[in-house]
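So you can see what is in the structure, the chains are spelled out below.
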Amino acid sequence: MIDFIRGSYDMDFYLAAIPIQALFIIFYMQRRSLPLKDTRYFLYLMWANLAALTTDLVATWACEAFQTLPMAFVYLSNMIFFIAFLLCGYFLFMYAAYTMHVMEYIGKALTGVLMFPAAFMIAICLFTPFTGLLFTIDPILGYLDGPLYNGIYYCVGFYILASLIAAWVFRKPENEAQVKGLWVCALIMLLGMYVRTQVRHTLVLSYFITIGIFIIYLTVRNPDLLRDHQTKLLNLEAFRMVMKELLKKTYTGFGIAIKDYDENRMAYGGDFVDSFLGKFGHFLRHQFPDDYCFYMGSGRFFVISTSVMDIRAAVEKVHERFRDAWREDGKTAYFDVECCMLDNKLKFNTVNELKQVIGIAFEVANNPGQDDVMIDEAYQHRVQRQFHP
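Below or above, wherever it landed, is the structure these notes cover. Note that the structure is predicted; figures quoted are calculated from it, not measured. (Residues numbered from 1 in each chain as written. Predicted model: local features only at pLDDT ≥ 70, side-chain atom pairs only at ≥ 80, totals over all residues. Heavy atoms only, no water.)

Quick look at the sheet that holds strand S9 (residues 373-375) now. With mixed pairing, the 5 strands of this open sheet are ordered in space as S4-S5-S3-S8-S9. Each having just a single partner strand, strand S4 (292-297) and S9 make up the two edges of the open sheet. Adjacent strand axes in the sheet meet at a mean angle of 20° when their direction is disregarded. As judged from the 5 bridges shared by S4 and strand S5 (residues 300-305), these two strands associate in the antiparallel manner. (Pairing = 2+ DSSP bridges. Helix = DSSP H or I, 4+ residues; strand = E, 2+ residues; numbered from the N terminus. Axes fitted to C-alpha atoms, helices over the stretch in contact; angles between N-to-C directions.)

Okay, the packing of aromatic side chains next. Taken as a whole and assessed by the stated rule, the structure comprises 39 aromatic pairs. By way of ring pairs, the aromatic residues Phe272, Phe276, Phe280, Phe283, Tyr295, Phe301, Phe322, Trp326 and Phe335 are connected into one cluster. The aromatic ring of Trp326 is capped on one face by Arg321, whose charged end is 3.7 Å from the ring centroid. (Phe/Tyr/Trp six-rings, centres within 6.5 Å; stacked < 30°, edge-to-face > 60°. Lys NZ or Arg CZ within 6 Å of the ring centre and 35° of its normal.)

A few words on the pairing of strand S3 (residues 252-258). Counting buried positions over the 7 residues of S3 gives 7, a clear majority of the element. Bridge count for S3 against S5 is 6 bridges, and the pairing is antiparallel. Bridged to Phe254 within S5 is Val303. Taken together, the 6 bridges between S3 and strand S8 (residues 337-342) define a ladder with antiparallel strand orientation. Bridging across to S8, Phe254 finds its partner in Met341. (Buried < 20%, exposed > 50% of the residue type's maximum accessible area, 1.4 Å probe, protein only.)

Grouped together as the largest cluster of nonpolar side chains are 73 residues, with contacts concentrated most on Phe42, Met46, Phe82, Phe85, Leu92, Leu182 and Ile216. Of all the elements, helix H4 (residues 71-99) adds the most residues to this core, at 19 residues. Sequence-distant contacts of Phe85, that is, excluding residues within four places in its chain, are made with Ala52, Ile152, Tyr153, Val156, Met193, Leu205 and Ile209. (Core = buried A, V, L, I, M, F, W, Y, C linked by side-chain atoms within 4.5 Å. Contact = heavy atoms within 4.5 Å.)

For the rest of this paragraph, the subject is a negative patch on the surface. A grouping of Asp260, Asp262, Glu263 and Asp336 is seen on the molecular surface, where their side chains present a negatively charged patch. Tracing the backbone shows Asp260 in the loop between S3 and helix H12 (261-268). (Patch = residues over 30% accessible without salt bridge, like charges linked within 9 Å, V, L, I, M, F, W, Y side chains within 5 Å. Areas by Shrake-Rupley, 256 points an atom, 1.4 Å probe, with all protein chains shown as cover. Salt bridge = Lys/Arg side-chain N within 4 Å of Asp/Glu carboxyl O. Lys, Arg positive; Asp, Glu negative; His and termini not counted. Charge placed at Lys NZ, Arg CZ, Asp CG, Glu CD.)

This part takes up unusual backbone geometry. Its identity as a non-glycine residue notwithstanding, Lys232 has a phi of 65°, on the positive side. Within the secondary structure, Lys232 is located in the loop between helix H10 (205-221) and helix H11 (236-246). Take Lys232: its relative accessible area is 48%, and that puts it in the partly exposed class. A positive phi angle, close to 55°, is found at Asp260, a residue other than glycine. Given a relative accessible area of 36%, Asp260 falls into the partly exposed group.

Time to look at H4. Compared with the 42 Å implied by 1.5 Å per residue over 29 residues, the 42 Å span of H4 between its first and last C-alpha is a close match. The element H4 is extensively covered by neighbouring structure, given that 23 of its 29 residues are classed as buried. (Expected span 1.5 Å × (residues − 1).)

Right, let's get into the environment of Leu247. Turning to its location among the elements, Leu247 is positioned in the loop between H11 and S3. Those residues in contact with Leu247, other than ones at most four positions away along the chain, are Phe348, Asn349, Thr350 and Val351.

Here the focus is the packing of helix H8 (residues 149-169) against helix H9 (residues 176-198). At a minimum axis separation of 9 Å, H8 and H9 run at an interaxial angle of 160°. Judged by the inter-axis angle, H8 sits roughly antiparallel to H9. Here H8 runs over H9; the crossing is left-handed. Contact residues: H8 offers Tyr153, Val156, Gly157, Ile160, Leu161, Leu164, Ala167 and Trp168, while H9 offers Val179, Leu182, Trp183, Ala186, Leu187, Met189, Leu190, Met193 and Arg196. Counted by class, the contact of H8 with H9 contains 15 nonpolar, 1 polar and 1 charged residues. (Parallel < 35°, antiparallel > 145°, perpendicular 65-115°, else oblique. Left-handed = near helix turned anticlockwise from the far one by under 90°. Nonpolar A, V, L, I, M, F, W, Y, C, P; charged D, E, K, R; others polar.)

It is worth spelling out the pairing of S5 at this point. The buried fraction of S5 amounts to 6 of the 6 residues, a majority that puts the element mostly inside the structure. Along S5, one buried face is formed by Arg300, Phe302 and Ile304 and the opposite face, lined by Phe301, Val303 and Ser305, is buried too.

Right, here's the structure in full:
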């Protein structure tokens, strides 16, 4: 059956890549994604590549068996493949643009202009059955390239080069991993396009794209890289990424500080105290399933909500739970906590400014006899005067 489908084409690379790409998507979607646009575009890139892998197989088989299949099916299968391939290039660029924060500099107008090459080639593809500009299906000779066939590669190449330029121009010390992942992925995709032009009867193009996606996945997009292994909550790097996206939006939240956390670790042993961190994380994940829960380190947690939240009611739930004992593997412990609450009317210019204010609030909450801290506008101004007199 496989030999019948493959005809004169070598499909081994694709047959190996399809299950790998499908597993990437399944694993990626099982983990809760960060509310970031680059996260969405990376998922779109994986879906587009899976579509390109599968439809290229179908299109190749259709071209081999064109005399026994409806002409509309032969055209449609090839058109879907070309559109999926074009979207791979476009989604890679959009991922690069958002992960490198290019949009903050070029604006939405230029973003719309950069969409034009893909939109133009997709339009050419959709009208190909009537114009033959991209390809034609001859009743005798079968599939034939059209005069604009190479435009597909020029278009995708344009987006790959644009991704390389964005990664280079907007690189910073904190996004070094993103830059490396983008460069390796883009260069592998360019290599795949070159190999495709040299060996037309070996399906390798989307295989190379899969390898490039694999590189990005391992370096920066693996969801486990953004989680603390003890609490299973999002870590400080995830906090930086999420809040950079949310600074200009409306959000609220609250922090939880385990009082005398470091002193307790010294008195009772780090392993004993840290063994309860998983319980704390499990409690927060199930108590606030629709919000983003972070472990900030040193027994400090923060919950961010982009929807309406009664902060005081949420904080009271936390206090109520911590009044009871925590049990883990036959061990029992009590922990005192204080909370800091973030007013949803506050505006911060940078993530570092937000972390600075939260850090001071955590320190204040840890003082003996200190009640919960409200981080309002007056508190924010006091912290700013402290660091910038």
